[in-house]
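The chain contents come next:
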Amino acid sequence: YSAEVSAEKAQLIQEKVTLGEKRTITSILFKRLDASDIAWVMELASDGLSVADKRAIRSVLLDKLTEEEYDTLIAIAQKYGLSKGKKYGEVKRES
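Below, the structure is looked at part by part. Every chain is numbered independently, its residues counted from 1 as its sequence is written. Two thresholds apply to this predicted model, a pLDDT of at least 70 for residue-level local features and 80 or more for giving and counting side-chain atom pairs, whereas whole-chain, interface and lining totals are computed over all residues. Processing note: side-chain calculations cover all non-hydrogen atoms of the structure and skip hydrogens and water entirely.

### Some details on the pattern of salt bridges
Stage number 1. We define a salt bridge as a contact between a side-chain nitrogen of Lys or Arg and a carboxyl oxygen of Asp or Glu at a distance within 4 Å. A full pass over the atoms with the stated rule returns six salt bridges.
Stage number 2. Between K64 and D34 there is a salt bridge; the shortest N-O distance is 3.9 Å. Placement of the pair is K64 in helix α4 (residues 51-64) and D34 in the loop between α2 (19-32) and α3 (35-45), with a sequence separation of 30 residues.
Stage number 3. For D34, a relative accessible area of 37% gives the class partly exposed.
Stage number 4. A salt bridge links D37 to K64, with the nearest nitrogen and oxygen atoms 2.5 Å apart. Within this pair, whereas D37 is found in helix α3, its partner K64 is found in helix α4, the two being separated by 27 residues in sequence.
Stage number 5. Only protein chains enter the accessibility calculation, which uses a 1.4 Å probe; a residue is then buried when its area is under 20% of its type maximum, exposed when over 50%, and partly exposed in between. The exposure class assigned to D37 is buried, which follows from its relative accessible area of 13%. For helices the rule is a DSSP run of H or I covering at least 4 residues; for strands it is a run of E covering at least 2, with both sets numbered from the N terminus onward.

This is the structure in structure tokens:
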């Protein structure tokens, strides 16, 4: 696991994510985030993600997603080394 995600690493992971995982991710994000949120996340991710970027995105996701949706996305992110895998409840308790 690496806290920062380079643009190159993001591209490699994008190629490895399964079609089913991509469907799950897009379904959750399009159901809960508005167009400006999605555009903002895409802009941040275009050059890779710093720790601060990831925290900002996490904050929005915690506000807009259900616990189950958040945990689903985090499990996928953890599988590809993008997250430590902290579940919704753990993160909420820390904040």
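### Here we look at the nonpolar core
Grouped burial of nonpolar side chains is what soluble globular proteins tend to show.
Stage number 1. In terms of nonpolar packing, the biggest core is built from 15 residues, with L33, L61, L62, L65 and Y70 touching the most fellow members.
Stage number 2. Broken down by element, the residue count for this core peaks at four residues, all from α4.
Stage number 3. Once residues lying within four places of it in the same chain are set aside, the contact partners of L33 are I38, V60, L61, K64 and L65. Remark: nonpolar core denotes a set of buried residues (Ala, Val, Leu, Ile, Met, Phe, Trp, Tyr, Cys) joined through side-chain atoms within 4.5 Å. In this analysis, two residues are considered to be in contact whenever any of their non-hydrogen atoms come within 4.5 Å of each other.

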